[in-house]
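Each chain, written out:
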Amino acid sequence: MIPLTSLREQYRTLSSHLSPAIARVMKSGTFVKGPQVAEFEHAFAVYNRTRYCIGVGSGTEALVAALRAIHIQPGDEVIIPAFTFVSTAFAVMTTGARPVLCDVEPTTLTLDPALLASVVSPRTKAIIPVHLYGMPADMDGILQFARAHGCVVIEDAAQAHGSRYKGKLAGSMGDIGCFSFYPSKNLGAAGDSGAVITNKKSLADAVRSIGNVGTNTKYTHTVVGINSRLDTLQAAVLCTKLPYLTGWNRKRRRLADLYKNLLTALPVTLPAELPHRTGNYHLFVIRTRRRKALQKFLTEHGIETGIHYPLPLHKEPALSVLGYKNGAFPISEKAAHEVISLPMYPELSTKDVRTVSLHIRRFFGHSKLRKKHIHRP
Ligand SMILES: *Cc1c(COP(=O)(O)O)cnc(C)c1O
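Scope of this entry: the structure provided in the associated data block. (Residues numbered from 1 in each chain as written. Predicted model: local features only at pLDDT ≥ 70, side-chain atom pairs only at ≥ 80, totals over all residues. Heavy atoms only, no water.)

Side note on unusual backbone geometry
For clarity, the cut-off: For the purposes of this entry, the term helix denotes a DSSP run of H or I that reaches at least four residues, the term strand denotes a run of E that reaches at least two, and both are numbered from the N terminus.
That bond from His308 to Tyr309 is cis: its omega, 15 degrees, falls within 30 degrees of zero. In this structure, Tyr309 sits in the loop between helix 9 (291–300) and helix 10 (330–338). In the Ramachandran plot, His71 falls in the positive-phi region, its phi being about 65 degrees despite a non-glycine side chain. Relative to the assigned elements, His71 resides in the loop between helix 3 (59–69) and strand 2 (77–81).

This is the structure:
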């Protein structure tokens, strides 16, 4: 069985570091606002080269806190891609504002800046690009549009720890960047948690007080707070793991290169290679019209796959209230029919990548790996 993702080997490698870090927190009894929280916030800000980082309870809550910090409220509109994880939309709806969907680039499946003009309105207050699968969105185009229209840019970098756009880290280019440390993300905690990064002190202060149930008395706030803090235990786990993130991402990219090499000349769309955009391969997603049959074939051969995501947002039942029609976002709709995520995690062996690729070639009637591929590292 080759899993889509696995955390077992990572734990085997790190257990001798994780156990004492966890024990230290347990002994201290400081489960909320322990010193490890500030330590991680500092380290993650340094990693992303931003001035501030605030730990929160999840990636979804990072988005909610960011939206509240910029005073998004009922009557406002926030532009988001039509193809993303539902949290991006739910976070906007939590504030009472309306998520306005926009279609994505056919190559990267990230928010298409060329389409923003067709969905912007006088009520548009913010734009949330999502670095989907770890592939950075076209930030130059999005930022340029946002500046011209007076919109705040909140990056949903929940899948993009360490991804780069023109050398800059995902999450650090807009006004606010939001991260998830859901266990299977490229940097994952032992449960739920997330973080917000920014270079603006006013936004950092606002996010911190919002996430801390409004108990930061130094700050006068006009928005209602929530309880969304980074637990000390999760911070200790994240402090232990952060130094490995760069190496893990490098391994993912190497495995992605191998996949691309082995899957050439098949009727599948491989992840885009673009100058200036270095993804972290949170997911390795290919596209094929024969997705259903391919998934069945791979399952029968012990290979787990995923669908991220089977529905574009406007077809999600919970979002039918937005009133979009079928056909409104053709690129997103086509993607939702065709995407299939292949096994991808840093400890995945090159042997397993070969096995998966060989089965995909077989499925498409290319029975063998070409010799030069078989011996590649
Ligand atoms: C994971 C994810 C989120 C939500 O993060 P949680 O920590 O699960 O709340 C938001 N947006 C995207 C794109 C994600 O992948």
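Read on for the rest.
Some words on the sheet that holds strand 10 (residues 277–278)
Rules: When DSSP finds two or more bridges between two strands, those strands count as paired.
The antiparallel open sheet is built from three strands, whose spatial order is 7-6-10. The open sheet has two free edges, formed respectively by strand 7 (168–169) and strand 10, since each of these has just one partner strand. The pairing of strand 6 (residues 164–165) with strand 7 spans two bridges and is antiparallel. By the bridge assignment for strand 7, Tyr165 is matched with Lys168.

A few points about helix 11 (residues 350–363)
To keep things clear, this is the line we draw: Take the number of residues in a helix, subtract one, and multiply by 1.5 Å to get its expected span. The buried label goes to any residue with under 20% of its type's maximum accessible area, the exposed label to any with over 50%, and the partly exposed label to all in between, with areas taken from a 1.4 Å probe on protein chains only.
Spanning 14 residues, helix 11 covers 20 Å between terminal C-alpha atoms, matching the ideal 20 Å at 1.5 Å per step. For helix 11, the full list of buried residues reads Asp352, Val353, Arg354, Val356, Ser357, His359, Ile360, Arg361 and Phe363. Gly365, located one to two residues past helix 11, shows a positive phi value of around 80 degrees.

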